[in-house]
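Chain by chain, the residues:
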There are 2 protein chains.
Amino acid sequence: MGTAQPDTRTRIREAAAMLFRRNGFPGTGLKSIAAESGAPFGSIYHFFPGGKEQLAEDTIRTTGPEYMRLVLSLIEEATDPLEALGEAFDAAAATLAATDYADACPIATMALEVASTNERLRIATAEVFADWVEVGIRWFARWVDDPATARELAQSMIMLLEGAFLLSRAARDPEPIHAAGRSMVALTRTAIERSA
Amino acid sequence: MGTAQPDTRTRIREAAAMLFRRNGFPGTGLKSIAAESGAPFGSIYHFFPGGKEQLAEDTIRTTGPEYMRLVLSLIEEATDPLEALGEAFDAAAATLAATDYADACPIATMALEVASTNERLRIATAEVFADWVEVGIRWFARWVDDPATARELAQSMIMLLEGAFLLSRAARDPEPIHAAGRSMVALTRTAIERSA
């Protein structure tokens, strides 16, 4: 029976992540997590004594970095930053359309939901976004000298992508993501030209 | 008694808008709307036969255009588009900080929540965003000749602002909004230079 425990824990985590993504933080209850995972209600508190809040923090701190690694994998081998950025946004658009406009940023919805209502979860989302910005700064610093410019480009890439997901999911249309990609390329081109 | 009806209806709408903003669509129930508004539970269905979904659509279609008019009021008298855009983002940052990082886009949280779960409400958010883009196109068309460029700038302004609200609310820091403003100014400057 000892080997069953990791599976139950994983099932609970995966069910929670899926439900938080689909129904949001306030709209997800431990009962639905138990039902979705097939785990006994009591086992949720066994593995996650902090209950729903702990599971939400676990989801944010797991899926947030995963998503960053996915985006980074699209651009880290780049030799031409403008081409790489354009292709990364095009890939995000294709993924979103292929997943029926569901598979976008895994933490944005929860981040907005908890920003003014749950300090522990707000901090978790803030730390994930701050890590994204730091990784982005290191990437843009390969192409521009000024650290403040690299930071602004990293922030703008995240902001354009998040804003584009919002518009594209609402409209069920990948076009805003392509527009965001073109804007990101234009911003980066201008910054590189000034840096040269 | 006839004159009391509009007040009850208004109280229900305002309570619903506040609760949807604070707790999200899945996290808001008619019982809490009744309690918050002080209206009898039955009067909600009297005024809003479609219940929670109708109230959410009413909130989206009312607060979305209101927010657009607010942003437009910051830039519509502009003679210098770059200065106006910078000031508009600075004003959004100041408002957000002054409201304890709560008063941002009134429909973004719900838009993400309903994008894959409620078609009627998704369409309402898509139509509001489409109206924002159209108003933005008309404003940017004052400064750039190419309609596709005006459209891309309008979309980018909304995407940068929405993404900046996400990062700023999570971090409780207005800095991402200022960064978004500088990026929007840079994008617009480049577009105007090409248009000239």
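Computed from a predicted structure; not experimentally measured.

Calculation rules
Residues numbered from 1 in each chain as written. Chains lettered and ligands numbered in written order. Predicted model: local features only at pLDDT ≥ 70, side-chain atom pairs only at ≥ 80, totals over all residues. Domains from an automatic or database assignment. Contact = placed C-beta atoms within 7 Å. Helix = DSSP H or I, 4+ residues; strand = E, 2+ residues; numbered from the N terminus. Nonpolar A, V, L, I, M, F, W, Y, C, P; charged D, E, K, R; others polar. Axes fitted to C-alpha atoms, helices over the stretch in contact; angles between N-to-C directions. Parallel < 35°, antiparallel > 145°, perpendicular 65-115°, else oblique. Left-handed = near helix turned anticlockwise from the far one by under 90°. Expected span 1.5 Å × (residues − 1). Buried ≥ 20, exposed ≤ 12 C-beta atoms within 10 Å, placed from the backbone.

Q: Can you help me understand the domain arrangement of chain A in this one?
A: Residue and element names in this part refer to chain A. As far as domains go, chain A holds domain 1 (1-49) and domain 2 (52-195). A straight line from the C-alpha centre of domain 1 to that of domain 2 covers 28 Å. Across the contact, 13 residues belong to domain 1 and 13 residues belong to domain 2. Listed by contribution, the elements that provide at least two residues to the side of domain 1 that touches domain 2 are α1 (4-23) and α2 (30-37). Broken down by element, the side of domain 1 that touches domain 2 gets its largest block of residues, five residues, from α1. Looking at the side of domain 1 that touches domain 2 residue by residue, the class counts come to nine nonpolar, two polar and two charged.

Q: What am I meant to see in the packing of helix α5 (residues 81-98) of chain A against helix α9 (residues 175-195) of chain A here?
A: When two helices pack together, their arrangement is given by the angle between the helix axes and the distance between those axes. Residue and element names in this part refer to chain A. At a minimum axis separation of 9 Å, α5 and α9 run at an interaxial angle of 165°. Viewed along their axes, α5 and α9 adopt a mutual orientation that is roughly antiparallel. Between α5 and α9 the crossing geometry is right-handed. Where α5 abuts α9, its residues P81, L82, L85, G86, F89, D90, A92, A93 and L96 lie against I177, H178, A180, G181, M184, V185, T188 and R189. Counted by class, the contact of α5 with α9 contains 11 nonpolar, four polar and two charged residues.

Q: What am I meant to see in helix α4 (residues 51-75) of chain B here?
A: It helps to recall that an α-helix has 3.6 residues per turn; residues three or four apart then point in one direction. Taking 1.5 Å of rise per residue, 25 residues should cover 36 Å, and α4 of chain B covers 37 Å from first to last C-alpha, within 8% of that figure. Every buried residue belonging to α4 of chain B is among L55, A56, E57, T59, I60, G64 and V71 of chain B, and all of these are buried.

Q: What should I look at first to understand unusual backbone geometry in this one?
A: Note: most residues except glycine have negative phi, and most peptide bonds are trans. Positive phi outside glycine occurs at D100 of chain A, with the angle close to 60°. Examined against the element boundaries, D100 of chain A turns out to sit in the loop between α5 and α6 (108-114). Under the C-beta neighbour-count criterion, D100 of chain A is labelled exposed, with 9 such atoms within 10 Å. The residue R172 of chain B is not glycine, and still its phi comes out positive at about 50°. Looking at the secondary structure, you find R172 of chain B in the loop between α8 (147-171) and α9 (175-195).

Q: When you look at the environment of A91 of chain B in this model, what are you seeing that I'm missing?
A: Along the chain, A91 of chain B turns up in helix α5 (residues 81-98). According to the C-beta neighbour criterion, A91 of chain B is partly exposed, with 17 such atoms within 10 Å.

Q: Quick question: what am I supposed to make of the interface of chain A and chain B here?
A: Note on interface size: it is often stated as the accessible area lost on association of the parts. Contact residues are listed per partner, giving 41 residues for chain A and 41 residues for chain B. Counting only elements with at least two residues in the side of chain A that touches chain B, the list comes to α1, α6, α7 (119-140), α8 (147-171) and α9 of chain A. The leading source of residues in the side of chain A that touches chain B is α8 of chain A, at 14 residues. Here the side of chain A that touches chain B is composed, by residue class, of 22 nonpolar, 12 polar and seven charged.

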